[in-house]
Structure formats: C-alpha cells, structure tokens
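Coordinates in review
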Amino acid sequence: MDYVSTRGSAQRQDFRSVTLAGLASDGGLYVPREWPQFSADEIAAMAGLPYAELAAKVMQPFVGDCLTPERLLELTTKAYGRFAHKAVTPLTQFDEKQWLLELFHGPTLAFKDVALQLLGLLFEEFLTGSDQHLTIVGATSGDTGSAAIDAVAGREKIDIFMLHPKGRVSEVQRRQMTSVIAPNVHNIALTDASFDDAQAMVKRMFADTDMTGRFRITAVNSINWARLMAQVVYYFAAAIQLGAPNRKVAFSVPTGNFGDVFAGYVAAKMGLPVEKLIVATNVNDILHRALSTGDYSAHGVTPTEAPSMDIQVSSNFERLLFDAGGRDGAALAEQMKGFEASKAMQLTNAQREGAAALFTSMRADADEMHAAMRWAYENCGKVIDPHTAIGLHAALSADLPADVPVVTLATADAAKFAPAVESAIGVSPTLPPRIADLMDREEACTDLPGTYEAVASFVADNATESPAAA
Ligand SMILES: Cc1ncc(COP(=O)(O)O)c(C=O)c1O
Ligand SMILES: N[C@@H](CCOP(=O)(O)O)C(=O)O
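In what follows, the accompanying structure is described. (Residues numbered from 1 in each chain as written. Chains lettered and ligands numbered in written order. Predicted model: local features only at pLDDT ≥ 70, side-chain atom pairs only at ≥ 80, totals over all residues. Heavy atoms only, no water.)

1. So, the pattern of salt bridges
Just so we agree on the cut-off: Salt bridge criterion: a side-chain nitrogen from Lys or Arg within 4 Å of a carboxyl oxygen from Asp or Glu. Under the scheme used here, helices are H or I runs from DSSP no shorter than 4 residues and strands are E runs no shorter than 2 residues, and both carry numbers assigned from the N terminus. The cut-offs for exposure are 20% and 50% of the maximum accessible area for each residue type, with area from a 1.4 Å probe on protein chains only; residues under the lower value are buried, those over the upper are exposed, and the others partly exposed.
Per the stated rule, a full pass over the model turns up 23 salt bridges. Residue Glu 171 pairs with Arg 174 through a salt bridge whose shortest N-O separation is 4.0 Å. Of this pair, Glu 171 and Arg 174 both sit in helix α7 (residues 171-178), three residues apart, which is roughly one turn of that helix. Overall, the relative accessible area of 27% leaves Arg 174 in the partly exposed class. For Glu 171, the salt bridge identified is with Arg 175, shortest N-O distance 3.0 Å. Taken together, the residues span about one helical turn, with Glu 171 and Arg 175 both in helix α7 at a distance of four residues. Taking relative accessible area as the criterion, Glu 171 reaches 41% and is therefore assigned partly exposed. When its relative accessible area of 12% is taken as the criterion, Arg 175 is described as buried. Where salt bridges share partners, they join Glu 171, Arg 174, Arg 175 and Glu 443 into one cluster.

2. A look at the pairing of strand β9 (residues 249-254)
Going by this rule: Handedness of a crossover is defined as follows: orient the strands so they point away from the viewer, and if the path from the first strand over the helix to the second runs clockwise, the crossover is right-handed. Strand pairing is assigned whenever DSSP identifies at least 2 bridges connecting the two strands.
Across the six residues of β9, six count as buried, placing the element largely inside the fold. At this point the chain moves from β9, through helix α11 (residues 259-269), to the parallel strand β10 (residues 274-281), and the crossover so formed is right-handed. Bridge count for β9 against strand β14 (residues 406-410) is three bridges, and the pairing is parallel. Along β14, the bridge assignment pairs Phe 251 with Val 407.

3. Points about the site of ligand 2
Using the following cut-off: Whether a residue is near a molecule or strand is decided by its heavy atoms; if any one of them lies within 4 Å of it, the residue is near. Distance and chemistry together define a polar contact, namely a pair of N or O atoms within 3.5 Å, with one atom able to donate a hydrogen and the other to accept it when in protein, and with adjacent residues in sequence counting only for side-chain atoms on both sides. Using a 1.4 Å probe, accessible areas were evaluated by the Shrake-Rupley method; residue-level cover was limited to the displayed protein chains. Each residue is assigned to one class: nonpolar for Ala, Val, Leu, Ile, Met, Phe, Trp, Tyr, Cys and Pro, charged for Asp, Glu, Lys and Arg, and polar for all the others, Gly among them.
Taken together, 13 residues form the shell around ligand 2, and within it Thr 140, Asp 143, Thr 144, Ser 222 and Asn 257 come nearest. Residue Lys 112 places a side-chain N or O atom 2.8 Å away from an oxygen atom belonging to ligand 2. Between ligand 2 and Asn 257, the relevant distance is 2.7 Å, taken from an oxygen atom to a side-chain nitrogen or oxygen of the residue. Taking 340 Å² as the accessible area of ligand 2 by itself, protein coverage stands at 96%. Partitioning the shell around ligand 2 into residue classes produces two nonpolar, eight polar and three charged.

By themselves, these observations are geometric and do not establish any function.
Below is the structure:
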C-alpha cells in the first residue's frame, strides 16, 4: 500500500516510511492512495474474532508488505495483551437504541492506548537493525501524552518530548505524564499556550531544517497515519457485534483533533455499513460550525471540563477535506496555506457535500454535558466521563432512523476527571488499583514559555542526534 500527502507534493511512501515520518515533507498528512475494500462476506467472516486477530485482519491491507500477517498478529497480540478487559474495547448497552463502546481499558485509561500501544511496538520493529534514533515531538491536551509516554518509556532508540498547556489538563492526566520518570521521557508544560499553539509548534519543527538535519523527528499525534489505522478496528468490532454487514450502525464521537471520527470514516470507506458519524464537540465548536455551515474559522479556545477536546485547529480535518473534496493536493495546499495565515476558511461545495454524506455534528455546552452524565447514571447506573457525555448528548439528540443503533465512543475513564463527574452526578469515580497511588508519585516536568524557539532549543539540547532517514 502506497501513501500520498494531502498537500500533493511529497513523494509516495510505504507504511514503514509513513509511520517513521509522522508528517509528510510538504506539511501534509499521509493517507492511503486508495481505500482497501472488504466485501460483505469478508466482514461477516470477522464476527467472533478475538480483538487482536480482528485488528491484524483490518490493518493488514494498510501495512502491505512492511510486515507479514504473522508478525502483525504478534504485535497486535502483544499490544492488546496489556488491556484490563479481555474484549479490549467492550460494547455495553444503555437501552434498545443507545450503546457505549468502552475504549478506556488500556494502561492509561483513554482511547489513545488502543493506537499508541501498537505504535510503540511498530516504532521498535521498524528501528530494529538500523542505527537510527527517533525523536518524538508531541502535543497533548491530556490523553495522548500519557498514552504515548507509556508506550515508549524506556525504549532505547527513542526520546519523547511531550508538550502540554500548563494548567489546562486534569490533575490525573498531568500526573500520568509527569510521574513517568525515565531518561528518554521529557515532559514540557507550556506557560501561556493552548493545545493549538503546542500542535502548531510540533508541525513547525517538522519544517525546521536545523532540527530535521540533526534529529529524526516523528509524531505520535494522530497526524501519524498509524494512529488512525489502529483506531479503525474498533468501529468494525462494534458494528459487527450489532449486525454488520447486514445492519447499519451510527457512531457518536466526542471530537477534538478529528482523528477518532476520521477513523470511522475510513471504516465506512472500507465497506463497513455506517449510517452516520456524529461529530460531537464541546463549546470549542469549530468542527460543528464547519460541518453545518461550511465556516472553518478558529475563535480561540475556551477551557472546559472536557479539556482534551479544547481544540480549535483539528489536524485530521485536513484528511477529510482532501478525500471528500476530490483528492486535489495542490488546491488543498493553497487552502491550508490560507487557513494557516488567517485561521479562517470556507469549505468548498465539493468538501461540504462529500462530508455531509456521512457526517453530522452537534455541540454540547456544560449543562448539556452534565445532563448526559446524569442520564447515564440515573437510567443505567453508568458513570461516564465529560468527553463521553458530550458524545452521549449528541447520540440522544440525533435524528436517525428508528432501527439504527447508535454507539457512543467512551473515550476516557471517568476517574481521569473525577471533580467534573462528581459535580454532575454526586459520585466521585476512583482510579483503578493499578494506579491508585498516582497522587503520591514523584513528578518531573520542565516549564517553558509558549514560544517555538524555547521548545526547539530544549529539544535540541536534550535529544539524540541521528543519521538521516534511510
Ligand atoms: C477523552 C478524549 N475524548 C475525545 C478526544 C477527541 O478525540 P480526537 O482528537 O481524535 O477528535 C480526546 C482527544 O483527542 C480525548 O482525549
Ligand atoms: N485530545 C488529544 C489531543 C491530541 O490529539 P491526537 O489524537 O492528535 O494525538 C490529547 O488528549 O492529547
């Protein structure tokens, strides 16, 4: 399988190169040259497979010749062996229409583990036998950071520099990152910066030849294709349990950087019968405005009780604009250049129509988010986190055919956001025993001003130089 850049001018690459590169050299994001297809019979034959086997089957076409099917299965078995639930991503029921896909049973209690546990192994696999050293530079609004750190801490040929906006992640999220004390782990708290600022710095570093000339920089954010690929799998897992390929299913996805919901789009492109993908946002609602009116303009970030979705510039939206808008990389490069300069753009008619075929969107404010947490608790005894509640609010309000089940993606364990959950339902969720001592652990983190120069110089001083990419 070859990959092309959404901005059209980077060379085609195979899966290994795309995984190690993270971002394309023209600043675009990699996407497969074409979407692999599964027939209805092939999807039906996936029913009942253990998660690791399903994952290997769904991902094999994306991986191509870069790993044998047997090796890929070994890696998925190892990655998902660390999950606290045998089903890895169990599907649970609210009522006859509403379902919940629990994606938070990995080591750091958020959906990011599903992809990052695998990505850590892929990096190691692809570095074996080479003299290269990877420098991961990532941005997090809370969950990617801890999942990525857990996946690579202690690995010999990898350093990780993780930027988070100081004071804008939950205490549990911060401690999950900063309490991992390892020589290759560097946590950076940016003062006076949002997640969007941090993400922009990460992308800038990929274009900084002073840095790329010395260090082999890569990404663990969902700009890295391998992240999205691994997230496609749980859409198959859930839909097949609910009757696919013979029944359509809708998904409601709490959305920030547009990675998780784009993975659902990919699943649909591969042949999974998806009725609708509901993009659920908090008050940082650029995606809701873009999908409902075509206006993609950033208004500044408002801190909320769902901090991981406090995002205005959604990296993966570019992948949708590329694919739904007719795959014209040169035109998209111009459009994105305009957006980067003005932080505003209008979707073209083709992009709007292409997106509307599968996506709908909804925005939830704090009251609606609290009400959804109460609905889940009072009707079903389920304690859900604020991000999941935004998805559930949208699922409960969506206008869908009566016979279509709606699956809300539960993206984090409620215990990561205990104060917000307690204020909504009066119950404070507790951390699982394996991290019950989190609040007592030692922390290590460097505060830096929110400027690119400060971050680049910190990375340059602490990263390991590497020969140029093979
Ligand atoms: C708990 C949680 N829910 C939802 C999201 C949004 O997911 P995405 O950025 O893939 O849209 C995030 C962050 O990515 C998150 O950490
Ligand atoms: N909400 C995310 C933001 C980064 O998203 P990613 O999926 O692109 O890594 C977080 O928790 O860090």
